[in-house]
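Architecture at a glance
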Amino acid sequence: MEIEKTLILVKPDGVQRGLIGEIISRYERKGLTLIGLKLVQLSRAKAEELYEVHLGQPFYDKLIDFMTTTPIVAIGVEGKNAIQLARLINGATDPLESEPGSIRGDYSTDITENLVHASDCLENAKRELSILFSPQELC
Ligand code: CMP
């Protein structure tokens with residue numbers, strides 16, 4: 001398997017709850033390498049670009065409002081199977097399905113305010129990394 005790069009976000013609830021360090025340490029301990037890291041106040045335009053695939057979903061407006069309330073942490077990581085691994089570490093979106101041991105399984109009860117985001121495929125990882133990071137910001 002090729003070395004992959006992917007985008008992870010600590011969402012506003014993760015930042016507000018003081019879970020940034022705990023969350024980042026999960027990817028580090030797994031063996032993924034940090035290649036970008038910053039605290040960002042997401043603009044509405046960027047949030048809409050990031051979540052364009054969900055446009056028209058009943059939860060779309062709530063999601064965009066939530067993601068633009070307070071700052072998020074954008075994290076670029078790299079490693080073998082990084083895309084799938086980051087999503088495994090995050091756990092399922094639905095809090096009733098996220099396994100204990102995953103970030104959402106351990107810390108989240110809400111389907112929208114679910115602490116973290118990770119790109120779901122290679123194409124989206126490239127697209128989402130470029131929304132949050134300029135090439136110069138990625139090591
Ligand atoms: P995320 O992994 O960032 O990808 C899309 C986001 O939309 C998801 O996490 C949740 O925050 C939100 N989301 C997805 N499905 C639902 C749903 N059924 N109801 C409310 N919010 C959702």
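With respect to the overall build of the protein chain
For the protein chain, the helix and strand inventory stands at 7 helices and 4 strands. Ordered by position from the N terminus, the helices and strands of the protein chain form the series β-α-α-β-α-α-β-α-α-β-α. On C-alpha atoms alone, the protein chain measures out to a radius of gyration of 14 Å, which is about the 14 Å that the 2.2 N^0.38 rule sets for 139 residues. Of all 139 residues assigned to the protein chain, the portion counted as buried reaches 45%. Put simply, the protein chain shows about 7,400 Å² of open surface, and 52% of that area lies on carbon and sulfur atoms.

Considerations on the pairing of strand 3 (residues 72-80)
Most of strand 3 is tucked away: 7 of the 9 residues are buried. Bridging between strand 1 (residues 3-10) and strand 3 involves 8 bridges; their strand directions are antiparallel. Its bridge partner being in strand 3, E4 is matched across the sheet by G79. Here 7 bridges tie strand 2 (residues 33-40) to strand 3, and the two strands are oriented antiparallel to one another. Looking across to strand 3, one finds that L37 is bridged to I75.

Notes on the site of the ligand
Around the ligand, the structure places K11, Y51, H54, F59, L63, T93, R104, I111, T112, N114 and H117. Take T112: an N or O atom from its side chain is 2.8 Å from a nitrogen atom of the ligand. The separation between an oxygen atom of the ligand and a polar side-chain atom of N114 is 3.3 Å. Notes on the ligand: free accessible area 450 Å², of which the protein chains cover 80%. Split into classes, the residues belonging to the shell around the ligand amount to 4 nonpolar, 5 polar and 2 charged.

Some thoughts on the pattern of salt bridges
Between side chains of opposite charge, a pair can form when the charged atoms approach closely. Summed over the entire model, instances satisfying the criterion amount to 7 salt bridges. The salt bridge partner of K5 is E78, with a shortest N-O separation of 2.8 Å. Of this pair, K5 sits in strand 1 while E78 is found in strand 3, placing the two residues 73 residues apart along the sequence. Of the residues examined, K5 reaches a relative accessible area of 40% and is grouped as partly exposed. Note on E78: relative accessible area 23%, which makes it partly exposed. We note a salt bridge from D106 to R26, for which the minimum N-O separation is 3.0 Å. Taken together, the residues span a long stretch of sequence, with D106 in helix 6 (residues 103-107) and R26 in helix 2 (residues 20-30) at a distance of 80 residues. By relative accessible area, which is 11% here, R26 ends up buried. When salt bridges with common partners are traced through the structure, they connect E22, R26 and D106 into a single cluster.

Cut-offs and rules
Residues numbered from 1 in each chain as written. Predicted model: local features only at pLDDT ≥ 70, side-chain atom pairs only at ≥ 80, totals over all residues. Heavy atoms only, no water. Helix = DSSP H or I, 4+ residues; strand = E, 2+ residues; numbered from the N terminus. Rg over C-alpha atoms; globule rule 2.2 N^0.38 Å. Buried < 20%, exposed > 50% of the residue type's maximum accessible area, 1.4 Å probe, protein only. Areas by Shrake-Rupley, 256 points an atom, 1.4 Å probe, with all protein chains shown as cover. Pairing = 2+ DSSP bridges. Near = heavy atom within 4 Å. Polar contact = N/O pair within 3.5 Å; in protein donor to acceptor, adjacent residues only side chain to side chain. Nonpolar A, V, L, I, M, F, W, Y, C, P; charged D, E, K, R; others polar. Salt bridge = Lys/Arg side-chain N within 4 Å of Asp/Glu carboxyl O.

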